[in-house]
Amino acid sequence: MKLNKYLIAILLLGFCLRILTFFIYGYDLNLQSDDANYRVSAELLLKTGMLTYVEHTIPTVHIMPGQVWLLSLPILLFGPGNASLIATKIMFVLLGTLSIYL
């Protein structure tokens, strides 16, 4: 499929804005929100196989499980530390750019 120059320009602009935001604000931007709970849920899903949310000892169906599964991939590959957090942010930069294309 041939992409025209305008689409490529828009995709590059979207990618650059996202990656610039990542570098300016860092990998821990906005983790004092639901982001932190989803990360903990992803870590617990890998450890226990149980989908949880705020109360981490009780299974739940009140969250979007796809988000937890998606977050568990970088944690599985890079461990629960900062490397997985950076990988997660980069993954969402790429997904955001892909969403422009779609």
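Quick notes on the rules
- Every chain is numbered independently, its residues counted from 1 as its sequence is written.
- The predicted nature of this model means local features are confined to residues of pLDDT at least 70 and side-chain atom pairs, given and counted, to a pLDDT of 80 or more, with totals for whole chains, interfaces and linings taken over all residues.
- No hydrogens and no water enter the side-chain calculation; it runs on all heavy atoms of the structure.
- Axis lines are fitted through C-alpha atoms, for helices just across the contact stretch, and the angle between N-to-C directions can take any value from 0 to 180 degrees.
- The way it works is that DSSP assigns letters per residue, a run of H or I at least four long becomes a helix, a run of E at least two long becomes a strand, and they are numbered from the N terminus.
- In these notes the angle categories are as follows: under 35 degrees is roughly parallel, over 145 is roughly antiparallel, 65 to 115 is roughly perpendicular, and the rest is oblique.
- A contact between two residues is defined here by any heavy atoms of the two lying within 4.5 Å.
- Asp, Glu, Lys and Arg are counted as charged, while Ala, Val, Leu, Ile, Met, Phe, Trp, Tyr, Cys and Pro are counted as nonpolar; the rest, among them Gly, fall into the polar class.
- Classification of ring pairs rests on two measures: the distance between centres of Phe, Tyr or Trp rings, Trp counted by its six-membered ring, which must be within 6.5 Å, and the angle between planes, read as stacked under 30 degrees, edge-to-face over 60 and tilted in between.
- A simple rule labels every residue: compare its accessible area, found with a 1.4 Å probe on the protein chains alone, to the largest value its type can have, and call it buried under 20%, exposed over 50%, or partly exposed in between.
- Here the term patch refers to residues with relative accessible area over 30% and no salt bridge, with like charges joined within 9 Å and nonpolar side chains (Val, Leu, Ile, Met, Phe, Trp, Tyr) within 5 Å.
- Residue-level accessible areas treat just the shown protein chains as cover; the underlying method is Shrake-Rupley with a 1.4 Å probe.
- Within this document, salt bridges are pairs made up of a side-chain nitrogen of Lys or Arg and a carboxyl oxygen of Asp or Glu, the two lying within 4 Å of each other.
- Definition of a polar contact: a pair of N or O atoms within 3.5 Å, with one able to donate and the other able to accept a hydrogen when the atoms are protein atoms, and with sequence-neighbouring residues admitted only if both atoms are side-chain atoms.

Draft legend 1. Summary view of the packing of helix α2 (residues 34–48) against helix α3 (residues 65–78). The geometry of α2 relative to α3 is characterised by a closest axis approach of 8 Å and an angle of 70 degrees between their N-to-C directions. Comparing the axis directions of α2 and α3 gives the class roughly perpendicular. For the pair α2 and α3, contact is made by Y38, R39, S41, A42, E43, L45 and L46 and by Q67, V68, W69, L71, S72, I75 and L76, respectively. Of the residues belonging to the contact of α2 with α3, the class tally is nine nonpolar, three polar and two charged.

Draft legend 2. Structural detail: the packing of aromatic side chains. Taken as a whole, this structure holds two aromatic pairs when the rule is applied. For the pair F22 and F23, a centre-to-centre distance of 5.3 Å together with 70 degrees between the ring planes defines the contact as edge-to-face. Residue F22 is classed as buried on the basis of its relative accessible area of 13%. Assessed through its relative accessible area of 63%, F23 is described here as exposed.

Draft legend 3. Layout of a nonpolar patch on the surface. Residues F92, L95, L98, Y101 and L102 make up a contiguous nonpolar surface patch of about 470 Å² in total accessible area. Its location among the elements puts L102 in the segment after α4 (82–101).

Draft legend 4. Representation of the side chain of S84 within the structure. Relative to the helices and strands, S84 is located in helix α4. On the accessibility criterion, S84 (0% relative accessible area) is buried. Engagement of the side chain of S84 in a polar contact is seen with the backbone oxygen of G79, the distance being 2.8 Å. At 2.9 Å, the side chain of S84 forms a polar contact with the backbone oxygen of G81. Discounting residues that sit within four places of it in the chain, S84 has contacts with R39, P74, I75, F78 and G79.

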